Every structure is written in C-alpha cells, then in structure tokens.
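Observations on chain architecture
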Amino acid sequence: MERTHPDYPGGGDLGTELPMDDDVAQTFRLLLEADGPVAFGADGLPPVPRDLAKRFGFKSFMSMAVRPGTGAPWQFGIHQCRYPRRWSDEEQRLFEAVGRRLGDALSVLLAQRDRKENEHLLDQVFEHLPNKVFVKDARTLEIIRVNRASEKLLGRSRRELVGQTAEQIYPPHAVPQVTADNQRALATKSLVEIPEEEVVDGLGQRKLLQTKKVPILDDDGVPRYLLSISEDMTASREAEHSIRKLFTAVEQSPVAFVLTDRQGRIEYVNPAFVTSSGYTFSELLGRSPGIVSAGGTAKETYAHLWETIVAGGVWSGELLNERANGERYWERITIAPVRDQAGLI
C-alpha cells in the first residue's frame, strides 16, 4: 500500500514491480538489523538505492521494519523526492511511534485474517465430512448445525433439521435411549459410543447408524455443545442379516455342505455332513474331503471331476464314501466353485 504526490508517482501508480537488486537488499538488511527507523540519502547516511532514486526520484527516505505478532516483517517508509532531507530526532520518534501503532494494527488484522481462514477451513472440513454430523445445544439438545452428509442421509434440508430434537428425528421407541445417551455424554463429559441407533429419513425409511457423541466444553469445563457423528451402517447391517440367515439355513439344512479353500482343505462343514460322515468338526477341519472316500470310485470319474473343477465348472455325480466307523455308502454330490468379486475362485 502506498500514498504518493501526483508529481512523484510510485510503483503502484506506474504498475511496476520494485526490483530486488543488491542496493535494495542492503536496505532491507539494515532495516531488519535496526530496532527503529533508519534514514537514507542525506550526507553521512546510507545511500538511497540507485535504481529507485533514478526511477522514482527519491532523494532521501526514512523507513523501519514493522513486526506484527504473526508472520514476516513489513516495511513502513516515508520518501522525500524534492531534496535530500535529514530527519530530526523528533520526526524520527514520531515516525517510530506511528510504525509501532501500525505494527499493533497489523497484528490485529492478520490475526483476524488467520482466524477467518481457519474458520473457513474448519467449515469446509465440517461440510465435507462423509459422516452425518449434528451439533446440538447442550442445554436444550436442539440441533443448531448439520453438514451435507446429514441432509443426504436423512433426506431433509438443514432448514428442516435445525431446531429439531430427538423426538422429531428418531422413531418413538428409540427416543428414550437416544435421550439417555445424550445425557450420559454430557454428565460424564466424555465420549459415548453407540453401536446402533435407528433413525427415519424423510421418506420414512429406517436407517441404522453407528454413533459417537462428544461433549464440547466451555472454558469453565461446562458442556456447551454436544457433537454427534454417525456412520450409516444400514447396508452392512442388512448384509450381516442376510449372511446370518444364509448361515442358519446351511446349518439347519438336512443336506451336507462342505466348504474348502483353493488347495482343497476343509474350512467348514455343516452338522448334516458331520452326521453323515461320522467325523467331528475338529477332525474334518483342515483335511481333504477325500477323508471320507472309500476308494471304490472309478478313476475316470475322479479325472472328470478334477478336470471340471479346475476349469471352474460345476460337477455332479455319485461317489462311494466311507463313514468314520467304516460303513460305506453311495452319495450324490455336487461340487461348485465360489468366486470373489474379481471372479477368482
């Protein structure tokens, strides 16, 4: 920033950058080493940088390093263009006092700038968090702020959510537990983790959340806000439920099931296989299904079986097996590959 006389335009008026040559660099070194103003140009004083004198008509100037509370030093200067001037002691004291005041003002302005930048950064982080975030008033437990993920998850705008309490967000049967969890976090002034919370979105669909509640304390250690961070676990809970149903069906099936790894080692058998084979689960785990083979099946059958399995196909046929007590029996078997998401067995 500069203020100039119309007869002596500065770098800002001319739209030019000030060069950083050796003379200018020496000027800055002198300013940084001094504790107050430094005068240039008059007899017996450091010279005005030659290029600046030629370009802008400087005959003399007084300058000082202004050091705000944060960041790098700034330069504060006054330039005389009509004649070389020797600054009086009183003028230098006044100039220094103004420079100190500028330093104080810069400290405030820079601190405000940094605070605004930090607030903006925190706002962006808050808005872009992938999980639902509620900020609640610790006294009323009303929602005072939500992020984008909350709007998306619940299918409601922040205008609809702000000012709401648990009664408007959670189904009636869940409200008492949610309220108790909120109060527990505030009373203990510590993190409370809830493995599963149920909410209902704007379309009436049920959502299952894994939630952490964190009280935000004021300078006196009194809870002022309650931060609630939730991850949508609906899909994973539904997948777990489907897996449990499938596992229950396999466990209770009258048909024998065997699951092996790619090397043919048994990883799982259901109770029906344990019953039909006569072996215990621990005896079968890690063994080859050949443990129940009676050895009476034709070699051509086994050759076709392995050829089909290696090719990733499904094989069905009858094999002669033998129970743990030596009893032999024919069993109709289907062997099929189980592939992962990449299509690998």
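Up top you'll find the structure we're talking about.
1. Topic: the overall build of the protein
Check the secondary structure of the protein and you find twelve helices and twelve strands. Taking 345 residues into account, the globule formula puts the C-alpha radius of gyration at 20 Å, and the protein, at 40 Å, lies well above it. Projecting the C-alpha coordinates of the protein onto the three principal axes gives extents of approximately 120 × 55 × 35 Å. Burial status across the protein gives 33% buried among its 345 residues. For the protein, the computed accessible surface area is about 22200 Å², with 54% contributed by carbon and sulfur atoms.

2. A short note on helix H8 (residues 175-188)
With 14 residues, H8 should cover 20 Å at 1.5 Å per step; its first-to-last C-alpha distance of 20 Å lies within 8% of that length. Buried residues of H8: Val175, Val178, Asp181, Asn182, Ala185 and Leu186, and no others. Seen end-on, H8 carries its buried residues on one side only, within an arc spanning 130°. Across H8 from its buried face, at more than 90 degrees, point the exposed residues Pro176 and Ala187. Along its buried surface, H8 packs onto strand S4 (132-137), helix H7 (166-169), strand S6 (192-200), strand S7 (206-217) and strand S8 (223-232).

3. Looking at the sheet that holds S6
Pairing is antiparallel across the open sheet formed by five strands, whose spatial order is S5-S4-S8-S7-S6. Sheet topology places strand S5 (143-146) and S6 at the edges, where each strand pairs with a single neighbour. Along the sheet, successive strands turn relative to each other by an average axial angle of 30°, direction set aside. For S4 and S5, the ladder comprises three bridges, and the chain directions are antiparallel. The residue of S5 that forms the bridge with phenylalanine 134 is valine 146. Here helix H9 (residues 234-252) sits on the sheet in contact with S6, S7 and S8, set at roughly 130° to S7.

4. Considerations on the side chain of serine 276
Within the fold, serine 276 resides in helix H10 (residues 271-277). Leave out the neighbours within four places in its chain, and serine 276 touches Ala256, Arg323, Tyr329 and Glu331.

5. Topic: unusual backbone geometry
Working note: non-glycine residues mostly have negative phi, and peptide bonds are mostly trans. The phi dihedral of leucine 141 falls on the positive side, at around 60°, and the residue is not glycine. With respect to the helices and strands, leucine 141 occurs in the loop between S4 and S5. Phi is positive for lysine 189, which is not a glycine, with a value near 55°. Topologically, lysine 189 is positioned in the loop between H8 and S6.

6. Here we look at the sheet that holds strand S3 (residues 74-80)
As summarised here, the arrangement of the three strands in space is S1-S2-S3, forming an open sheet in which the pairing is antiparallel. Looking along the sheet, the strands with just one partner apiece sit at the ends: strand S1 (38-40) and S3. The average angle at which neighbouring strand axes cross in this sheet is 20°, direction not considered. Pairing of S1 with strand S2 (residues 60-66) involves three bridges; the strand directions are antiparallel. Considered in S2, the bridge of alanine 39 is made with methionine 62. Running over the sheet, helix H4 (residues 89-128) touches S2 and S3 and is turned about 40° from S2.

7. Concerning a nonpolar patch on the surface
A cluster of nonpolar residues, Leu94, Val98 and Leu102, forms a patch on the protein surface that exposes about 250 Å² of accessible area. Secondary-structure assignment places leucine 102 in helix H4. Taking the relative accessible area as the measure of exposure, leucine 102 reaches 35% and is therefore partly exposed.

8. A closer look at the pattern of salt bridges
Evaluation of the coordinates by the stated rule reveals 19 salt bridges. Across the salt bridge formed by aspartate 51 and arginine 55, the nearest N and O atoms sit 3.3 Å from each other. With aspartate 51 and arginine 55 both in helix H3 (residues 50-56) and four residues apart, the pair spans about one turn of that helix. For aspartate 51, a relative accessible area of 28% gives the class partly exposed. Residue classification places arginine 55 among the partly exposed residues on the basis of a relative accessible area of 39%. The salt bridge involving arginine 206 is made with glutamate 198; its shortest N-O contact spans 3.1 Å.

9. Side note on the packing of aromatic side chains
Applying the stated criterion to the full structure yields four aromatic pairs. Summarising the aromatic geometry, the rings of phenylalanine 247 and tyrosine 268 are spaced 6.0 Å apart at their centres and angled 50° between planes, so their arrangement reads as tilted. Highlighted residues: phenylalanine 247 in helix H9 and tyrosine 268 in strand S10 (residues 266-269), separated in sequence by 21 residues. One cation-aromatic arrangement involves arginine 145 over phenylalanine 126; the distance from NZ or CZ to the ring centre is 4.4 Å.

Thresholds applied
- Residues numbered from 1 in each chain as written.
- Predicted model: local features only at pLDDT ≥ 70, side-chain atom pairs only at ≥ 80, totals over all residues.
- Heavy atoms only, no water.
- Helix = DSSP H or I, 4+ residues; strand = E, 2+ residues; numbered from the N terminus.
- Rg over C-alpha atoms; globule rule 2.2 N^0.38 Å.
- Buried < 20%, exposed > 50% of the residue type's maximum accessible area, 1.4 Å probe, protein only.
- Areas by Shrake-Rupley, 256 points an atom, 1.4 Å probe, with all protein chains shown as cover.
- Expected span 1.5 Å × (residues − 1).
- Arc of directions from axis to C-beta.
- Contact = heavy atoms within 4.5 Å.
- Pairing = 2+ DSSP bridges.
- Axes fitted to C-alpha atoms, helices over the stretch in contact; angles between N-to-C directions.
- Patch = residues over 30% accessible without salt bridge, like charges linked within 9 Å, V, L, I, M, F, W, Y side chains within 5 Å.
- Salt bridge = Lys/Arg side-chain N within 4 Å of Asp/Glu carboxyl O.
- Phe/Tyr/Trp six-rings, centres within 6.5 Å; stacked < 30°, edge-to-face > 60°.
- Lys NZ or Arg CZ within 6 Å of the ring centre and 35° of its normal.

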